[in-house]
Amino acid sequence: MCVSINSIRNKNGFTILELLVASFVAFLVIAGIWSVYVIGWAWWHEAIPKIEMQQIVRQAISSIIDGSIDSGAGTDYVSGIAYGRRNGIAWATGSPLITSTANEIKITYNLEGLGSQSFFVNLTEEPRKVYHNSAGNPVRGTEGITDISFQLVQPNLILVTAKAERDIVGTRASPYHIKVEESQTIFLRNVITP
Amino acid sequence: MNLKKGFIIIIVVASLAIIVLIILCLIEVGSSEILQTRVNNNIISAEYVAMAGAERMYGRLKSLQSSDVTWPQPTLTGAVSTGTLTTGNFTANANTFSSDVFAIVSQGVVNGRAVTVTVKYGYTASSTAPSTLGAGGSISLSGTHGTGNKKSWVHADGPLDSGHGITINDLVQVQGPMNENQTIAMPSFWLYTKFDTTNTGFAYSDGGTGSITRAEALVQNPAMIATFDTNDVNGDGVIDDKDAFYYYYTSYLDQPANNMLGQDLAIGPGDIYYFSGDQNFEPGSIPSGTPIIFVDGNVNILFNSSEWWGAACNNTIIATGTITITQPSNGGNDTLTLVAYGDVITGGEHSFGGVNGNLIVYTNGNFIADYGGKTNGTVLAKGDIIINTQAASGQGENFNRDFKRLHGDWTEPLGLPSGYRVVTIQFIIKDETGATGGSYKPMWQRD
């Protein structure tokens, strides 16, 4: 014999207790879904910009320190194999010169094969970015950087600090500030100190 | 009623879809960041591993400096490990880059990420130059333990050659060979004197003994005996090495035909650069441009800055006695030559800049260096060489003494008789300070 659920259900409707339990369970389910949604939304609006700024800062420091293979710097042929030369400050042949004004922060250095090189940030423009040698040569991926500093710890030791900060409209009532700062100390192996 | 049941399922599926999407986004972005970080870390580690490989190859080449070096060098492979954990592996090669520059190429691999670094060094192939330190007697090098962890090291570039033994302590580092019990040839002043007649037509022969008595001279050349007493400059009844030394400078080298400048050096008795008796030299004591001075006595150089005789100068100081120089220093293109029949004694010189050019020393006695300082050049002593960074009150702590090889190619300076001992070295890595000619700053790069 087959007995359906409907057949055993009280035809008079739900009891108050059933209603309360069902409502409570429904509330828990909806609250859970809502909290996941809020967390995801908040993460999307807060973490993503922070990750973007971390990438900007990382790109700026990496470009300044290691640089990129520069075809103008010449090539080292060893055993018939060509090895390119990078143009970052890590390969400077002398102690760099750091200049800082109200309008510009700049590091100037010399490279084998390229002579005088520089990286600088124009403090008067928004959004700011890192330039290599000239205003016509921005470093890709650095737009959005807010500050950069160079400190000559030793003639062959430089501390590079990059910052990126931004006001974000996220899950909070009013815009709030997030900031990413990264420092890296680089030993200039090609600079010999007496 | 059926619609109501389906609605619940739709809500549940939609909710699950949202949750899955959010989790997927989180995983996607999170893993991307982790991946980027890992890749960056691996690349940085690979660079350090590659540099370690380059340093290992450099060490191998440095140790080969006294023997033949072939190009390209056999490949050097190895691992950088911490305990039993291997960080990465390197493969290093070296080959010539130009006639006087070689390059090391080293690839480091960490977790599949490879970075190649190149570094260039200057070198000299098959050069002939004097030993950094050479002694007919023994050589003793001693560093000093100061208070706490302070140490005063002795660093010396090889080769070191000794007629007897070479002793070092735990604070001595010698880069290159140390050759003991060698036959060390010394310059001969007799060859240029009128006392030696060995196929030269001069008056006497010392018979290889290094001295001639009055009786021997009378037998050999009675006609010349009248000048014997004049040639016996110290009046001890024997014409010996010291007389030959004196004669070589004051009579032979003084003549335009016998010196490399082709001019009267004015170091004969009575001349302006001939000094009798003990002398103290200070800044300004010697006129600018003076190439050589002769002192029949002891010399005490109280202060010798690079500006002593002008911006660029080569000077030779000859003394029949002892030369004591407190602060030897000169400019990058200068050569200071000290020749003493007695000892040569020097103290520290860092206070006044050190010897940036070359210091060439020949002493018929001993060479003694106390405290720290930096010297490029060569020292040849007929007697012993004694180097000690001994600690004195307020000194001797972190007060190293460095003896570097000669800068540039070897040419005998004015005042040094031929016969100064030189050795042929197959391969030398050039000085890496880049401070003077003949040096080469290593140049690092990475791909």
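The structure under discussion appears in the preceding block.
This report concerns the structure included in the present document. (Residues numbered from 1 in each chain as written. Chains lettered and ligands numbered in written order. Predicted model: local features only at pLDDT ≥ 70, side-chain atom pairs only at ≥ 80, totals over all residues.)

Okay, the overall build of chain B next. When helices and strands are counted, chain B shows four helices and 30 strands. Classification of the 447 residues of chain B by burial places 41% in the buried group. Pairs at least 24 apart in sequence give 52% of the contacts found in chain B among residues at least 6 apart. (Helix = DSSP H or I, 4+ residues; strand = E, 2+ residues; numbered from the N terminus. Buried ≥ 20, exposed ≤ 12 C-beta atoms within 10 Å, placed from the backbone. Contact = placed C-beta atoms within 7 Å.)

Okay, the interface of chain B and chain A next. At the interface, 24 residues of chain B touch 18 residues of chain A. Mapped onto the side of chain B that touches chain A, the elements with two or more residues apiece are helix 1 (2-63), strand 2 (85-98), strand 3 (101-110), strand 4 (113-129) and strand 30 (443-446) of chain B. Counting residues per element, the side of chain B that touches chain A draws most heavily on helix 1 of chain B, which supplies six residues. Along the lines of polarity and charge, the residues of the side of chain B that touches chain A split into eleven nonpolar, eight polar and five charged. (Nonpolar A, V, L, I, M, F, W, Y, C, P; charged D, E, K, R; others polar.)

We now examine the sheet that holds strand 5 (residues 115-122) of chain A. Strand pairs in the sheet, formed through backbone hydrogen bonds, run parallel or antiparallel to each other. All names here are of chain A. If you walk across this open sheet you meet the four strands as 3-4-5-6, and the pairing is antiparallel. The open sheet terminates on both sides in strands that have one partner only, identified here as strand 3 (97-100) and strand 6 (130-132). Strand-to-strand twist of the sheet, defined as the mean angle between neighbouring strand axes without regard to direction, takes the value 15 degrees. As paired strands, strand 5 and strand 6 are joined by three bridges and run antiparallel to one another. Paired with Val 121 across the strands is Val 130, a residue of strand 6. (Pairing = 2+ DSSP bridges. Axes fitted to C-alpha atoms, helices over the stretch in contact; angles between N-to-C directions.)

All names here are of chain A. Here three strands make up an open sheet; going across it, the order is 7-8-9 and the pairing antiparallel. The open sheet has two edge strands with one neighbour each: strand 7 (147-154) and strand 9 (176-187). Between one strand and the next, the sheet's axes are offset by a mean angle of 15 degrees, whatever the strand orientation. Sheet strands touched by helix 2 (residues 16-65): strand 7, strand 8 (157-168) and strand 9. Its angle to strand 8, the strand with the most contacts, is close to 155 degrees.

The next subject is the nonpolar core. Ranked by size, the top nonpolar core spans 54 residues in total, and within it Ile 318, Leu 338, Val 361 and Ile 385 of chain B carry the most contacts. Among the elements that line this core, the one with the most residues is helix 4 (residues 241-253) of chain B, at seven residues. Counting residues in each nonpolar core, the second largest holds 28 residues, with Ala 90, Tyr 109, Val 130 and Val 191 of chain A among its members. (Core = buried A, V, L, I, M, F, W, Y, C linked by C-beta atoms within 7 Å.)

Before going further, it helps to spend a moment on helix 4 of chain B. Residues and elements named next belong to chain B. Along helix 4, the helix axis deviates most sharply at Tyr 247, where the bend reaches about 30 degrees. What helix 4 keeps buried is the set Asp 243, Ala 244, Phe 245, Tyr 246, Tyr 247, Tyr 248, Tyr 249, Thr 250 and Leu 253. Looking at the buried positions of helix 4, the neighbouring elements they touch are helix 3 (228-231), strand 15 (238-240), strand 16 (274-276), strand 18 (292-296) and strand 20 (314-319). (Bend = angle between axes of the 7 residues up to and from the residue.)

All names here are of chain A. An ideal rise of 1.5 Å per residue puts 74 Å on 50 residues; helix 2 measures up with 71 Å between its terminal C-alpha atoms. The largest bend in helix 2 is about 30 degrees, located at Trp 43. Among the residues making up helix 2, those that are buried are Met 53, Ile 56, Val 57, Arg 58, Ala 60, Ile 61, Ser 63 and Ile 64. Following helix 2 by one or two positions, Gly 67 has its phi on the positive side, about 70 degrees. (Expected span 1.5 Å × (residues − 1).)

Residue and element names in this part refer to chain B. Of note, Phe 275 is situated in strand 16. It is 6.1 Å that separates the C-alpha atoms of Phe 275 and Phe 294, two residues lying 19 residues apart in sequence. In this structure, Phe 275 is in contact with Ile 293, Phe 294, Val 295 and Asp 296, ignoring residues within four places of it in sequence.

So, about the pairing of strand 9 (residues 154-157) of chain B. Residue and element names in this part refer to chain B. Both strand 9 and strand 12 (residues 172-175) contribute to a ladder of four bridges, which runs parallel. Opposite Val 154, over in strand 12, you have Val 172 as the bridge partner. Relative to strand 28 (residues 401-404), strand 9 runs parallel, the two sharing three bridges. Bridge pairing in strand 28 places Val 154 opposite Arg 401.

This part covers the environment of Gly 419 of chain B. Residues and elements named next belong to chain B. In this fold, Gly 419 is placed in the loop between strand 28 and strand 29 (423-429). The class of Gly 419 is partly exposed, set by 13 C-beta atoms lying within 10 Å. C-alpha of Gly 419 to C-alpha of Ala 185: the two residues are 234 residues apart in sequence and 7.4 Å apart in space. If we ignore the near neighbours within four places in the chain, the residues touching Gly 419 are Ala 185, Pro 187 and Ser 188.

Residues and elements named next belong to chain B. Relative to the assigned elements, Thr 167 resides in strand 11 (residues 166-168). Exposure remark for Thr 167: the 15 C-beta atoms within 10 Å place this residue in the partly exposed category. The sequence separation of Thr 167 and Leu 141 amounts to 26 residues, and the corresponding C-alpha distance is 6.2 Å.

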